[in-house]
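Report on the structure
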Amino acid sequence: MPASTDFHSTGRYIHTHGGRFYIDKDCREFKIKAIAGGLARVYRWNGQVSEFISVAEHSVMVSTLLWQRGETHRVQLLGLLHDACEAYIGDVPGPFKALLPDYERLEEELTTQILQEFVDQAWQGPLPTVVKSADWEALYIEARRLKIPNIEEWPRFAEFPAKFWHPSLQFWNPEKAEKAFLDRFKTLRQASRNPRRA
């Protein structure tokens, strides 16, 4: 019997650092080790830059920016996990993403499931505005450090100073990025579970 072409076909899976990850929505099992290992090896900027920067390092930076803004541990954890689905489906450049409605649907679906698993079982989204703002700020920091041309033409970057600098972007190798992500996750998850510190 030929394999089913149904996107949600039971039995279809991909290999991850945590073992098999099934495509079927009701069979998915999320493991933070698989997420950290995957994100640490997914390029930002589609790899079209002079330095290796992983989604894991970007995620840690977003979380750190939220800490600097005085946000709660829970919000910082949301920032750390805002791109976690990319450990399974990769990082698609924004202009292409707009042409892939199924990708955007799956991205939202996976993000919801991941946040329900690691942040709040009742999570339904969307992400807080402050997380999205920190995401854009991290993107701007990367663009400046990587010397991306013509970023002054990006309307969302108008609020950031031309000589903006941030020390948290270090271009970690995959091993260091994975460890930093896991360490940050463990710290924030424990803190967010403590009502006095969340």
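Anyway, here's the lowdown on the structure attached to this text. This is a predicted model, so every value here is computed, not measured. (Residues numbered from 1 in each chain as written. Predicted model: local features only at pLDDT ≥ 70, side-chain atom pairs only at ≥ 80, totals over all residues. Heavy atoms only, no water.)

Overview of the packing of helix H3 (residues 73–81) against helix H8 (residues 174–192)
A pair of packed helices is captured by two measures, namely the crossing angle of their axes and the spacing between those axes. Their axes nearest at 8 Å, the elements H3 and H8 cross at an angle of 150°. Compared by their axis directions, H3 and H8 come out roughly antiparallel. The element H3 and its partner H8 pack so that their crossing is left-handed. Between H3 and H8, the contacting residues are His73, Arg74, Gln76, Leu77, Leu80 and Leu81 on the first element and Phe181, Arg184, Phe185, Leu188, Arg189, Ala191 and Ser192 on the second. Each residue belonging to the contact of H3 with H8 can be placed in one class, and the counts come to seven nonpolar, three polar and three charged. (Axes fitted to C-alpha atoms, helices over the stretch in contact; angles between N-to-C directions. Helix = DSSP H or I, 4+ residues; strand = E, 2+ residues; numbered from the N terminus. Parallel < 35°, antiparallel > 145°, perpendicular 65-115°, else oblique. Left-handed = near helix turned anticlockwise from the far one by under 90°. Contact = heavy atoms within 4.5 Å. Nonpolar A, V, L, I, M, F, W, Y, C, P; charged D, E, K, R; others polar.)

Let's talk about the side chain of Ser63
Mapped onto the elements of the fold, Ser63 is located in helix H2 (residues 55–68). Here Ser63 is in contact with Gln76, Leu80, Arg184 and Leu188, once residues within four sequence places are set aside.

Considerations on the pattern of salt bridges
Going through the model one piece at a time under the given rule, you end up with 10 salt bridges. For Glu109, the salt bridge identified is with Arg28, shortest N-O distance 2.8 Å. Highlighted residues: Glu109 in helix H6 (residues 101–118) and Arg28 in the loop between strand E2 (19–22) and helix H1 (32–39), separated in sequence by 81 residues. Taken as a pair, Glu109 and Arg28 share a single burial class, namely buried. Note that Lys179 and Asp183 form a salt bridge whose closest N and O atoms lie 2.7 Å from each other. Placement of both Lys179 and Asp183 in helix H8 is noted, with a separation of four residues, approximately one turn of the helix. Where salt bridges share partners, they join Lys33, Arg41, Glu175 and Glu178 into one cluster. (Salt bridge = Lys/Arg side-chain N within 4 Å of Asp/Glu carboxyl O. Buried < 20%, exposed > 50% of the residue type's maximum accessible area, 1.4 Å probe, protein only.)

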